[in-house]
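Chain residues, written in single-letter form:
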Amino acid sequence: MKISNNYKFIATLLFAISFSTSTVQANNDFGISANKFNEIESRVSSMSYDQLISTRSLLIQEQETLQSEQESTQNPAQNRSITERLREITAELSQIQKVLVATVGAAAISAVTDDGYNDNVPPVITINGDNPATVELGTTYTDAGATANDAFHGNTTVTASGTVDTGTVGSYTITYTATDLDNNTATATRTVNVVDTTAPVVTVTGDNPATHELGTTYTDAGATATDASGTVTVVTTGTVDSDTVGTYTLTYTSTDASGNAGTATRTVNVVDTTVPVFTSSSTFTVNEGVTAIGTVTATDLSSVTFTLSGSSVLQITSAGVLSFIEAQDYESQEESVLLDGYASGATLDFTATVTATDAYSNVATQVITVKVQDVGGWDDNPGTGTGTNTVATSTSTGTSTTDTSTSTGTSTTGTSTTGTGTGTGTGTGTGTGTSTSTGTGT
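An account of the accompanying structure is given in this report. As the structure is a computational prediction, the values presented were derived from the model and not from experiment. (Residues numbered from 1 in each chain as written. Predicted model: local features only at pLDDT ≥ 70, side-chain atom pairs only at ≥ 80, totals over all residues. Heavy atoms only, no water.)

### A short note on the packing of aromatic side chains
The full count for this structure, using the stated rule, is 3 aromatic pairs. The interplanar angle of 20 degrees and the centroid separation of 6.3 Å between the aromatic rings of Phe30 and Phe37 together place this pair among those described as stacked. Residue Phe30 is classed as buried on the basis of its relative accessible area of 10%. Of the residues examined, Phe37 reaches a relative accessible area of 2% and is grouped as buried. On the numbers, 5.4 Å between centres and 75 degrees between planes, the contact of Phe324 with Phe350 is edge-to-face. With Phe324 in strand β20 (residues 321-324) and Phe350 in strand β21 (residues 348-358), this residue pair connects regions lying 26 residues apart in the sequence. The pair formed by Phe324 and Phe350 is uniform in burial state, with each residue classed as buried. (Phe/Tyr/Trp six-rings, centres within 6.5 Å; stacked < 30°, edge-to-face > 60°. Buried < 20%, exposed > 50% of the residue type's maximum accessible area, 1.4 Å probe, protein only. Helix = DSSP H or I, 4+ residues; strand = E, 2+ residues; numbered from the N terminus.)

### What about helix α3 (residues 49-72)?
Along its 24 residues, α3 runs 35 Å from first to last C-alpha, staying within 8% of the 34 Å computed at 1.5 Å per residue. Along α3, the positions that sit buried rather than exposed are Leu52, Thr55, Arg56, Leu59, Ile60, Gln63, Leu66, Gln67 and Gln70. (Expected span 1.5 Å × (residues − 1).)

### Comments concerning helix α2 (residues 34-45)
Taking 1.5 Å as the rise per residue, α2 with 12 residues should run 16 Å; its terminal C-alpha atoms sit 16 Å apart, in good agreement. All buried positions along α2 are accounted for by Phe37, Ile40 and Val44. Taken down its axis, α2 places every buried residue within 65 degrees of arc, on the same side. Structural note: α2 exposes Asn35 and Ser45 on the side pointing more than 90 degrees away from its buried face. (Arc of directions from axis to C-beta.)

### Focus: the sheet that holds strand β9 (residues 210-213)
As summarised here, the arrangement of the 4 strands in space is β9-β13-β12-β11, forming an open sheet in which the pairing is mixed. Whereas interior strands pair on both sides, the edge strands pair on one side only; in this sheet they are β9 and β11 (235-237). Here the strands of the sheet are splayed against their neighbours by 30 degrees on average, with no regard to which way each runs. Pairing of β11 with strand β12 (residues 246-255), which is carried by 3 bridges, proceeds in the antiparallel orientation. Each bridged residue has a counterpart across the sheet, and for Thr237 the counterpart in β12 is Thr251. (Pairing = 2+ DSSP bridges. Axes fitted to C-alpha atoms, helices over the stretch in contact; angles between N-to-C directions.)

### Brief notes about the environment of Glu41
One can find Glu41 in helix α2. Here Glu41 falls in the partly exposed class, since its relative accessible area comes to 28%. On a C-alpha basis, the gap between Glu41 and Val99 in space is 9.6 Å, while along the polypeptide they are 58 residues apart.

### Structural notes on the pairing of strand β1 (residues 124-127)
Because side chains alternate across β1, one face comprises the buried residues Val124 and Thr126, and the other comprises Ile125 and Ile127, equally buried. Relative to strand β3 (residues 146-150), β1 runs antiparallel, the two being bridged by 4 bridges. Bridging across to β3, Ile125 finds its partner in Ala148.

### Quick look at the pattern of salt bridges
Within this structure, the stated rule accounts for 8 salt bridges. Among the salt bridges present, the one from Glu39 reaches Arg43, with a minimum N-O distance of 3.5 Å. Here Glu39 pairs with Arg43, and both are found in helix α2, just 4 residues apart, close to one helical turn. With a closest N to O distance of 2.7 Å, Arg43 and Glu92 form a salt bridge. Taken together, the positions of Arg43 in helix α2 and Glu92 in helix α4 (residues 76-104) put the pair 49 residues apart, joining distant regions of the chain. A relative accessible area of 5% means that Glu92 is categorised as buried. Several salt bridges share partner residues, and in doing so they unite Lys36, Glu39, Arg43 and Glu92 into one network. (Salt bridge = Lys/Arg side-chain N within 4 Å of Asp/Glu carboxyl O.)

Printed below as a string of structure tokens:
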């Protein structure tokens, strides 16, 4: 805009005085290096009046061109380069203004504006930090802001507008505005990209590792997942064979809307800690004179091996087949035991401990009893145990306290006071009395 000579003179003078004072205090408030500032200060201080006026005009033209380029570029590297150059231009214009005021006075500055200069140059806005900026979904965004500097008024207030929703993935724009004392307004924008690069957090529910008993039904406790994007689901892969001892892995996967996948795993150990269960009786009854007894059985989810302890006459195979090492004779007991046993039907008993061990070293024990029963009476043939020789008495000649009989002869059948019998050989028999006889028969 065109301003009157008086207003321009007063405004320029006030600005020159203020700017000169602030410059002396701040020395370098343009965001450039100390070396660059000293270089500009040295170059400007060596210029003549005409050089100052000419350089000032060229710098203002370059400033306008760069500001137009800055507004149209989307290249961050180019934007930074333009910003750096605009800072240098602002610093040099400031130094030129300072030298003009110091050397020729405020009137000279007014004369420059009288020659047709209008302050229509907006402030230069410098965006702090990254542009574009990236912020993670669900986090807090704090804007780095921006600064502005005007060639004639120095530091200029910047206001920002626009919001960033860090709870929603997308691109957002923050606009910075600066207006100088001559109502020249500049704007600049920052792009803020809210992105989701964080995978869901998967939490395994229940025990991990988990232990599961062989042969029982496995029910998985599952897993849960959380994510900044909201509700996510969990997919489980892998299987557990509860009928086979071993180690199994279940994998839980959760994928959010941005394609980020989080995983967790659970180890499931299928074990066998259950002891075998005996299904056969703890008591076996057999006749005397045999070795075979029977088979011990037990149930288990794995193979079972049998062993035996506590007996010197019994033995067992790994498959559970039970037998005597040698055939047993019922009459091997003492006579007094035999006589009592015949009256009560007793047996000759043997005990032992059978141990059943499964494939995973689980052990169960059972005390067994093998009962050997008599065959043929107590006077059977102890060599055969078959009871084929049962000579209780034979035809004989003897004397008894109650009866006296005399017989002599050879026959297949003999008669005595107590009964009949067959046999071969010479023996001693007992009747109702006591007698001794000798005979031969067929």
